[in-house]
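In case you want the letters, here they are:
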Amino acid sequence: MIKLGILDQSHIGEGQRASDALADTTKLAQEVEKLGYERYWISEHHASRMLSFSTPEILIAHIAAATKRIRVGSGGVMLPHYSSYKVAENFKLLQALHPGRIDAGFGRAPGGMPIATRALQENKYVDISKYPQQIIDFVGYLHGKLPDGHPFAGLHAAPAIEEPPEVWLLGSSFESARIAAQLGTAFSFAQFFGTPGGEAAMKHYQEHFQPSISNDRPRSMIAVLAICADTEEEANQLALSTDLFFLLLESGIDQHFFPSVRTAQDYPYTETDLMRINRARERRIVGTPEQVKAGILHLALQYNADEVLVMSSIHSFEARVKSYRLLAEAFGLSAPSL
């Protein structure tokens, strides 16, 4: 059976504060752990008023401390902003605190507007073409195996750990898949972005994978947006918040909160807006448990994916938990004894 995990962006819902959203994120992680989900990943975004955090490593530590079994990771850290050495120390410490439960996922995207990127990279020259070398260095620090001749060969990244975190490259492009295959990391494709060519990118990754110290075989995952409810009508209503959120996001409009269903219903959509929403719905999975399960299995087959991360962007916390519960029941998930 395919493995299911969670991708949570910890939106600040309309009527909430950041502390409320973070409390919900913690409770959600605890609930989905009981339901039998495999992983709980959180993303990195900057300068957004609508997101409750910007530093995955800190929230990973908090969620892992509040749970017992579920793997917790980044989906992902935007590595070009940072030093591979410092990020390796962060993840080695997380793994030391929570052995066997930490995932280090990385991406190349800036994770914010250009001004945020400039602030993150202040007084630093960043060459995005060095990203693959950054991954190589990160893995080297994890295993204490930087090659001879490397400028930092022999440098210890503290603390010492018995088992390194899992390393995943994340992406929505062919280039990300190519790098993951070349470096022998696991690869997760952001299907919910809607970038064309995803299946071809995943196929390239799987066919050109080169075994490495991290993996002896390709490991494939996709991230999807799915909303599940007792009825199709209810699921479509809950999805209105996501429709409006992504519509405004793609229009470059700064949002202070994730909209409620009522706000989404009352929004003055143009005909063009509705066309864009309908096109976006084609890459999302919205419906009853049976419909959502079928949609996820269809995409997993298309991508030949071993795992699926599910993001259920729903304004109501109770409805969000129920969406994940219904999906877990549809897939027959069950948590092992702790």
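Conventions and cut-offs
- Residues numbered from 1 in each chain as written.
- Predicted model: local features only at pLDDT ≥ 70, side-chain atom pairs only at ≥ 80, totals over all residues.
- Heavy atoms only, no water.
- Helix = DSSP H or I, 4+ residues; strand = E, 2+ residues; numbered from the N terminus.
- Contact = heavy atoms within 4.5 Å.
- Polar contact = N/O pair within 3.5 Å; in protein donor to acceptor, adjacent residues only side chain to side chain.
- Axes fitted to C-alpha atoms, helices over the stretch in contact; angles between N-to-C directions.
- Parallel < 35°, antiparallel > 145°, perpendicular 65-115°, else oblique.
- Left-handed = near helix turned anticlockwise from the far one by under 90°.
- Nonpolar A, V, L, I, M, F, W, Y, C, P; charged D, E, K, R; others polar.
- Buried < 20%, exposed > 50% of the residue type's maximum accessible area, 1.4 Å probe, protein only.
- Core = buried A, V, L, I, M, F, W, Y, C linked by side-chain atoms within 4.5 Å.
- Phe/Tyr/Trp six-rings, centres within 6.5 Å; stacked < 30°, edge-to-face > 60°.
- Lys NZ or Arg CZ within 6 Å of the ring centre and 35° of its normal.
- Expected span 1.5 Å × (residues − 1).
- Arc of directions from axis to C-beta.

Asks: Before we move on, can you summarise the environment of glutamate 250 with the specific residues and values?
Replies: Relative to the assigned elements, glutamate 250 resides in helix α9 (residues 240–250). Along the primary structure glutamate 250 and proline 110 are separated by 140 residues, whereas in three dimensions their C-alpha atoms are 16 Å apart. Setting aside residues up to four positions removed in sequence, glutamate 250 forms contacts with Arg276 and Arg283. A distance of 3.4 Å separates a polar atom in the side chain of glutamate 250 from a polar atom in the side chain of arginine 283.

Asks: Residue-level account of the packing of helix α3 (residues 84–97) against helix α5 (residues 131–143), with values.
Replies: One way to put it is that α3 packs onto α5 with a least axis distance of 9 Å and a crossing angle of 45 degrees. For the element pair α3 / α5, the angle class is oblique. For the pair α3 and α5, the crossing hand works out as right-handed. Note on element contacts: α5 touches α3 through Gln134, Asp137, Phe138, Tyr141 and Leu142, opposite Ser84, Tyr85, Val87, Ala88, Phe91 and Lys92. For the contact of α3 with α5, the per-class residue count stands at seven nonpolar, two polar and two charged.

Asks: Report on unusual backbone geometry, specifying residues and quantitative values.
Replies: Of note, the bond from glycine 75 into glycine 76 is cis; its omega dihedral lies within 30 degrees of zero at 0 degrees. Cis rather than trans, the peptide bond between alanine 158 and proline 159 has omega equal to 0 degrees. In this structure, serine 10 is a non-glycine residue whose phi angle is positive, near 50 degrees. Position of serine 10 relative to the elements: it lies in the loop between β1 (3–8) and α1 (18–35).

Asks: Residue-level account of the environment of threonine 270, with values.
Replies: Turning to its location among the elements, threonine 270 is positioned in the loop between α10 (261–266) and α11 (271–281). Owing to a relative accessible area of 40%, threonine 270 belongs among the partly exposed residues under this scheme.

Asks: I'd like a rundown of the nonpolar core, residues and numbers included.
Replies: Leu4, Tyr37, Phe106, Phe138 and Ile296 are the most contacted members of the largest nonpolar core, which has 67 residues in total. A per-element tally of this core places helix α13 (residues 317–331) first, with seven residues. Not counting the four nearest positions on each side in its chain, phenylalanine 138 is found in contact with Ser84, Val87, Ala88, Phe91, Ala104, Phe106 and Val167. With 25 residues, the next largest nonpolar core counts Trp168, Leu170, Ala190 and Ile227 among its residues.

Asks: Residues and numbers for the packing of aromatic side chains, please.
Replies: Under the counting rule described, the total for this entry stands at 14 aromatic pairs. For the ring pair tyrosine 37 and tyrosine 324, a centre distance of 5.8 Å and an interplane angle of 80 degrees mean the geometry is edge-to-face. With tyrosine 37 in the loop between α1 and β2 (39–42) and tyrosine 324 in helix α13, this residue pair connects regions lying 287 residues apart in the sequence. By the burial criterion, tyrosine 37 is buried, and tyrosine 324 matches it. An aromatic cluster is present here, built from Phe187, Phe189, Tyr205, Phe209 and Tyr303 joined pairwise through their rings. The lysine or arginine in question, lysine 27, covers the ring of phenylalanine 317, its NZ or CZ lying 5.1 Å from the ring centre. Above the face of the phenylalanine 331 ring, lysine 293 is positioned so that its terminal group lies 5.6 Å from the ring centre.

Asks: Go over helix α12 (residues 289–303), please, and point to the residues and values.
Replies: Since the α-helix packs 3.6 residues into each turn, any two residues three or four apart lie on the same face. With 15 residues, α12 should cover 21 Å at 1.5 Å per step; its first-to-last C-alpha distance of 21 Å lies within 8% of that length. For α12, the set of buried residues is Pro289, Val292, Gly295, Ile296, Leu299, Ala300 and Tyr303. Down the axis of α12, the sector holding all buried residues measures 135 degrees, keeping them to one side. Among the exposed residues of α12, those pointing more than 90 degrees away from its buried face are Glu290 and Leu301. At the C-terminal side of α12, asparagine 304 shows a positive phi close to 55 degrees.

These values are about where atoms sit, not about what they do.
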